[in-house]
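Structural overview for review
Each chain, written out:
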Amino acid sequence: IQLSARVCAGDSGHAGLAFVEDLHLISSANPWDRRFGAYLYNNAVVVAGLRAASRLADHFNQPEAAAWQALADRILEYGILAATTPDGSRPGLYDPSLGRFLEGRRVAKRPDVWPAGPDDWMDQFRRVSANMLALAVPYQLLPASDPRLQAVAHLLIDHLESHRKLSGLSIPRSLPERSTVRAN
């Protein structure tokens, strides 16, 4: 558990997994398209893992419990939930101008290449992905009714509906009516 918690804190000794202080996020590889960056999904996993490690450490009276919980809270509050700015000068994965979360920050422009600096990354990765809903299910970091997650869900449904003629899918709409949400 201690080793796992240290890895979640970016203390792996591997250049591909690091804690980015100014973003309050872990930067790692995206498991789907082999790009390095500070991703919403990966950081949600880290928060859930650190919280679980903290509970176990607390149960066994280990001194690391409070530090792991504090790091999980820092990543969630300042790294994930904080509102960023259009120019990326503030940390956070929530973009109020879009009304939804970003998929990542400082994401490599090319797959399989660790970004060495600003010329190698996109500061705000605005793609919408179903994995962004993991903040609610399975990690329970936000309720599914959170408007920022609802905005992501509506965009995903719109995307699926726009392709259903090609696929023959029928997608029932069971989400509440949306407010104005922009894809990018």
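Below you will find a few notes about this structure. Quick caveat: nothing in here was measured; it's all calculated off a predicted structure.

We now examine the overall build of the protein. Looking only at helices and strands, the protein features four helices and seven strands. Ordered by position from N to C terminus, the α and β elements of the protein give α-β-β-β-α-α-β-β-β-β-α. Relative to its 184 residues, the protein shows a buried fraction of 45%. A separation of at least 24 residues holds for 51% of the contacts in the protein among residues at least 6 apart in sequence. Carbon and sulfur atoms make up 57% of the accessible area of the protein, which totals about 9900 Å².

The next thing to look at is the environment of aspartate 22. Summarising the element assignment, aspartate 22 is placed in the loop between β1 (18-20) and β2 (25-29). As a C-alpha pair, aspartate 22 and proline 91 span 69 residues in sequence and 6.7 Å in three-dimensional space. If sequence neighbours within four positions are ignored, aspartate 22 has contacts with Pro91 and Arg106.

The geometry of an aromatic ring pair is captured by two quantities: the separation of the ring centres and the angle between the planes. Within the structure shown, the criterion is met by three aromatic pairs. With centroids separated by 6.3 Å and ring planes inclined at 80 degrees, the aromatic side chains of tyrosine 39 and phenylalanine 125 adopt a geometry described as edge-to-face. With a gap of 86 residues between them, tyrosine 39 in strand β3 (residues 36-39) and phenylalanine 125 in strand β7 (residues 121-125) connect regions that are remote in the sequence. The buried category is assigned to tyrosine 39, whose relative accessible area is 1%. With relative accessibility at 9%, the residue phenylalanine 125 sits in the buried group.

Taken in spatial order, the five strands of this open sheet run β1-β2-β3-β6-β7, and their pairing is antiparallel. A single partner strand is all that each edge strand has here, and the edge strands are β1 and β7. Averaged over all adjacent pairs, the angle separating strand axes in this sheet is 30 degrees, with direction ignored. When β1 meets β2, the two strands line up antiparallel, connected through three bridges.

Right, let's get into the pattern of salt bridges. In this structure the tally under the stated criterion is nine salt bridges. In this structure, the salt-bridge partner of glutamate 21 is arginine 74, at a minimum N-O distance of 2.7 Å. Of the two residues, glutamate 21 is situated in the loop between β1 and β2 and arginine 74 in helix α3 (residues 65-80); the sequence distance between them amounts to 53 residues. Note on arginine 74: relative accessible area 23%, which makes it partly exposed. Of the charged contacts in the structure, one is a salt bridge between aspartate 146 and arginine 148, with a shortest N-O distance of 2.7 Å. Judged by its relative accessible area of 9%, aspartate 146 falls in the buried class. Judged by relative accessible area, which is 18%, arginine 148 ranks as buried. What you see here is one network of salt bridges that share partners, running through Asp22, Arg105, Arg106 and Asp123.

Leu50, Ile75, Ile80, Phe101 and Leu135 are the most contacted members of the largest nonpolar core, which totals 37 residues. Discounting chain neighbours no more than four positions away, the residues touching leucine 135 are Leu40, Ala44, Ile80, Phe101, Gln140, Leu141, Leu142 and Leu149.

It is worth spelling out helix α2 (residues 40-59) at this point. Compared with the 28 Å implied by 1.5 Å per residue over 20 residues, the 29 Å span of α2 between its first and last C-alpha is a close match. Residues of α2 that are buried: Leu40, Asn42, Asn43, Ala44, Val46, Val47, Ala48, Leu50, Ala53, Ser54 and Ala57. The inward-facing, buried residues of α2 abut α1 (2-8), β2, β3, α3, β5 (100-101) and β6 (104-108). Immediately beyond the C-terminal end of α2, within one or two residues, lies asparagine 61, with a positive phi of roughly 55 degrees.

Because each turn of an α-helix spans 3.6 residues, side chains separated by three or four positions end up pointing in the same direction. Helix length check: α3 (16 residues) gives 21 Å between terminal C-alpha atoms against 22 Å at 1.5 Å per residue, within 8%. Check the buried side of α3 and you find it contacts α1, β1, β2, α2, β4 (94-95) and β5.

The rules behind the values
Residues numbered from 1 in each chain as written. Predicted model: local features only at pLDDT ≥ 70, side-chain atom pairs only at ≥ 80, totals over all residues. Heavy atoms only, no water. Helix = DSSP H or I, 4+ residues; strand = E, 2+ residues; numbered from the N terminus. Buried < 20%, exposed > 50% of the residue type's maximum accessible area, 1.4 Å probe, protein only. Contact = heavy atoms within 4.5 Å. Areas by Shrake-Rupley, 256 points an atom, 1.4 Å probe, with all protein chains shown as cover. Phe/Tyr/Trp six-rings, centres within 6.5 Å; stacked < 30°, edge-to-face > 60°. Pairing = 2+ DSSP bridges. Axes fitted to C-alpha atoms, helices over the stretch in contact; angles between N-to-C directions. Salt bridge = Lys/Arg side-chain N within 4 Å of Asp/Glu carboxyl O. Core = buried A, V, L, I, M, F, W, Y, C linked by side-chain atoms within 4.5 Å. Expected span 1.5 Å × (residues − 1).

Shape is all these values report; function is a separate question.
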